[in-house]
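These are the residues of each chain, in order.
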Amino acid sequence: MARPNYTELRICTACGEPIADKYLFDIDGCAWHGSCLRCSVCLTLLERQPSCYFRDRHVYCRADYAK
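Below or above, wherever it landed, is the structure these notes cover. Everything numeric in this text was worked out from a predicted model, so none of it was measured. (Residues numbered from 1 in each chain as written. Predicted model: local features only at pLDDT ≥ 70, side-chain atom pairs only at ≥ 80, totals over all residues. Heavy atoms only, no water.)

**Notes on the overall build of the protein**
Then step 1. The helix and strand tally for the protein stands at one helix and six strands.
Then step 2. Traced from its N-terminal end to its C-terminal end, the protein shows the element sequence β-β-β-β-β-β-α.
Then step 3. A burial count over the protein gives 22% of its 67 residues as buried.
Then step 4. Counting only contacts in the protein whose residues sit at least 6 apart along the sequence, the fraction spanning at least 24 positions is 10%. (Helix = DSSP H or I, 4+ residues; strand = E, 2+ residues; numbered from the N terminus. Buried < 20%, exposed > 50% of the residue type's maximum accessible area, 1.4 Å probe, protein only. Contact = heavy atoms within 4.5 Å.)

So, in structure tokens, the structure goes:
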């Protein structure tokens, strides 16, 4: 008997592709590949930053969020 597949891939908010990576970033219910998680203003990669900020479905680095 076939086993049901319980692993559904999430779709990346930035690129629209399925996320099959070992890790995904989930911010307020939206998912990103690590390589797609960038500040909406300066495009800094946020994958290794200690924090990021989310407003109106856009992600920001600390500096751009404060502006």
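Okay, back to it.
**Here's the deal with the packing of aromatic side chains**
Then step 1. What the rule picks out here adds up to three aromatic pairs.
Then step 2. Note on Tyr 53 and Tyr 65: the rings are 4.9 Å apart at their centroids and 15° apart in plane angle, and the pair reads as stacked. Of this pair, Tyr 53 sits in strand S5 (residues 53–55) while Tyr 65 sits in helix H1 (residues 62–66); the two residues are 12 residues apart in sequence, bridging distant segments of the chain.
Then step 3. A relative accessible area of 23% means that Tyr 53 is categorised as partly exposed. (Phe/Tyr/Trp six-rings, centres within 6.5 Å; stacked < 30°, edge-to-face > 60°.)

**What to know about unusual backbone geometry**
Then step 1. The phi dihedral of Asp 56 is positive, around 55°, even though this residue is not glycine.
Then step 2. Along the chain, the position of Asp 56 falls in the loop between S5 and strand S6 (58–60).
Then step 3. On the basis of relative accessible area, Asp 56 is assigned to the exposed category, the value being 66%.
Then step 4. Look at Arg 57: it is not a glycine, yet its phi comes out positive at around 65°.

**Structural notes on the nonpolar core**
Then step 1. Counting residues in each nonpolar core, the largest one holds 11 residues, listed as Cys 12, Ile 19, Ile 27, Cys 30, Ala 31, Trp 32, Leu 37, Cys 39, Leu 46, Val 59 and Cys 61.
Then step 2. With three residues, the single largest contributor to this core is strand S4 (residues 30–32). (Core = buried A, V, L, I, M, F, W, Y, C linked by side-chain atoms within 4.5 Å.)

**Remarks on the pattern of salt bridges**
Then step 1. In total, this model carries two salt bridges according to the counting rule given.
Then step 2. A salt bridge links Arg 10 to Asp 26; the shortest N-O distance between them is 2.8 Å. Here Arg 10, found in strand S1 (residues 10–11), pairs with Asp 26, found in strand S3 (residues 25–27); they are 16 residues apart in sequence, far enough to count as distant.
Then step 3. For Lys 67, the salt bridge is made with Asp 64, and the minimal N-O distance between the two is 3.1 Å.
Then step 4. Residue classification places Lys 67 among the exposed positions, given a relative accessible area of 77%.
Then step 5. Among the residues examined, Asp 64 registers a relative accessible area of 8% and is labelled buried. (Salt bridge = Lys/Arg side-chain N within 4 Å of Asp/Glu carboxyl O.)

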